[in-house]
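Analysis of the macromolecular model
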Amino acid sequence: MSTSADPSRGIETLAIHAGEKPDPTTRASAPNLVMSTTFVADPSAGFSVEGLDEDTPFIYTRWANPTVDQLEQKLAALEGAERAIAFASGMAAVSSLLLYTLKAGDHAIVSDITYAATAELTNELLPSLGIEITKVNLSDLAAVQAALRPNTRLIYAESPANPIIRLTDLAAVARIAHEAGAKLAVDSTFATPIATRPLSLGADYVVHSLSKYLCGHGDAIGGAILGPAAELAELRKKVAIRTGGILSPFNAWLILRGLATLPIRMRAHEEGALAVARFLESHPKIRRVIYPGLPSHPQHELATRQMANFSGMLTFQVDDGPKAAEALAKHLQIIHYAVSLGHHRSLVFYLPSADMLETSFKLNPAQKAAYQSYAGEGIFRLSVGLETPADLTADLDQALLAI
Ligand SMILES: *Cc1c(COP(=O)(O)O)cnc(C)c1O
């Protein structure tokens, strides 16, 4: 660990300095962007991934790259993890973690509600490789316990879950996993390390889409896995290098720059989201708002316990979702009607429950009912950006006149 990653430092200091140091040759203060696929090698270095260890000099960028390495160190410092590995996207991180932890004949319990591509990956590709998957509502601890099997190797959670913002009690699920000899992995994209540090609650691995809050500016896609150094070194050799979904140094450099302001951005996202959530909750055309920071969130008590920041994601429901989606797409002047989240720009998108349930979440009737208790007929997922909160509420107010 470099002294810049000293964990006794404040989170704002770590976000700026961890993983970085002035360039020894040029004394440049900002991190170098090293756009080189290859590095001039010592002829004694082997050409096998097997011989690679975490302090081998740089050889080839698919194995390791100085800019990506700085990002990995900063991410690990922020999450309180021993190690991080960066990937080309959040989904490259998710799929690599699943391929590393599971093999044919293993069983995994996966949250019945996850990011759509994770749901689809675990509905189709993983079972086709002989990996058994059970989808479980992880907010129901008895259901988690009941789904365990002798060959359960992994529980995979997402908290808060995209898109409905349902939480999982991570400490409780970690205990259940460990008593059964399984590991807990958590997609913590919606929380960020500013809100929740799953490893400190007992989780074994964390995954992030860096494309969201961690980059924060909507211009670079990336992902990461965080966890124990020895396992991640093995994961890098056996999966990351061989499946090859590694992060471009240029994207790493953009994400490094975004991360420097993560703690202060998250404070502003939370402040804006609380203002917008309260405004929507009191608006006559809004049927329901779900935001972990509102006392009306069904798990507000857990959110208060588990999230040091309520983040910037909320959902709202209206009477006629499809009509409102058209009105918002047409009339919003500041907020973009677009997918994705965690950017400085506010983004809103409509997700009809019937579509989500049919294409992504293939649920049993009880799970469907639990989904609908959060999402009704459909939700607007609103990622509250960093604009002036009063401008966002005014923008929503004028657009809602049209519905
Ligand atoms: C966006 C997202 C992902 C996938 O990340 P990409 O960078 O788009 O591949 C995974 N999980 C969650 C919760 C997300 O929001």
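For the structure given in this document, a descriptive report is provided here. Note that the coordinates shown come from a computational prediction; the quantities given were computed from them, not determined experimentally.

1. Some remarks on the side chain of Thr61
Relative to the helices and strands, Thr61 is located in the loop between helix H1 (11-17) and helix H2 (66-79). Judged by relative accessible area, which is 12%, Thr61 ranks as buried. Once residues lying within four places of it in the same chain are set aside, the contact partners of Thr61 are Ser36, Thr37, Phe39, Ile246 and Pro249.

2. Notes on the site of the ligand
Within the structure, the ligand sits among 15 residues, and Gly90, Asp187, Ser209, Ser211 and Lys212 are positioned closest to it. Between an oxygen atom of the ligand and a main-chain N or O atom of Gly90, the distance comes to 2.8 Å. Isolated, the ligand exposes 380 Å² of accessible area, and the fraction of that covered by the protein chains is 94%. According to the grid-proximity analysis, the pocket containing the ligand is the second largest pocket. Classifying every residue of the shell around the ligand gives five nonpolar, seven polar and three charged.

3. A short note on the environment of Lys135
As for its placement among the helices and strands, Lys135 is situated in strand E3 (residues 132-136). A relative accessible area of 15% places Lys135 in the buried class. A C-alpha to C-alpha distance of 39 Å links Lys135 and Tyr60, two positions 75 residues apart in sequence. In contact with Lys135, not counting residues within four places along its chain, are Val110, Ser111, Asp112, Ala119, Thr122, Asn123 and Gln367. Of note is the side chain of Lys135, whose polar atom sits 3.0 Å from the side chain of Thr122.

The rules behind the values
Residues numbered from 1 in each chain as written. Predicted model: local features only at pLDDT ≥ 70, side-chain atom pairs only at ≥ 80, totals over all residues. Heavy atoms only, no water. Helix = DSSP H or I, 4+ residues; strand = E, 2+ residues; numbered from the N terminus. Buried < 20%, exposed > 50% of the residue type's maximum accessible area, 1.4 Å probe, protein only. Contact = heavy atoms within 4.5 Å. Near = heavy atom within 4 Å. Polar contact = N/O pair within 3.5 Å; in protein donor to acceptor, adjacent residues only side chain to side chain. Areas by Shrake-Rupley, 256 points an atom, 1.4 Å probe, with all protein chains shown as cover. 1 Å grid on protein atoms, 1.4 Å probe; cavity = no way out; pocket = protein on both sides within 12 Å on 5 of 7 lines; lining within 4 Å. Sits in = over half its atoms within 2 Å of the grid points. Nonpolar A, V, L, I, M, F, W, Y, C, P; charged D, E, K, R; others polar.

Coordinates in, geometry out; function isn't part of it.
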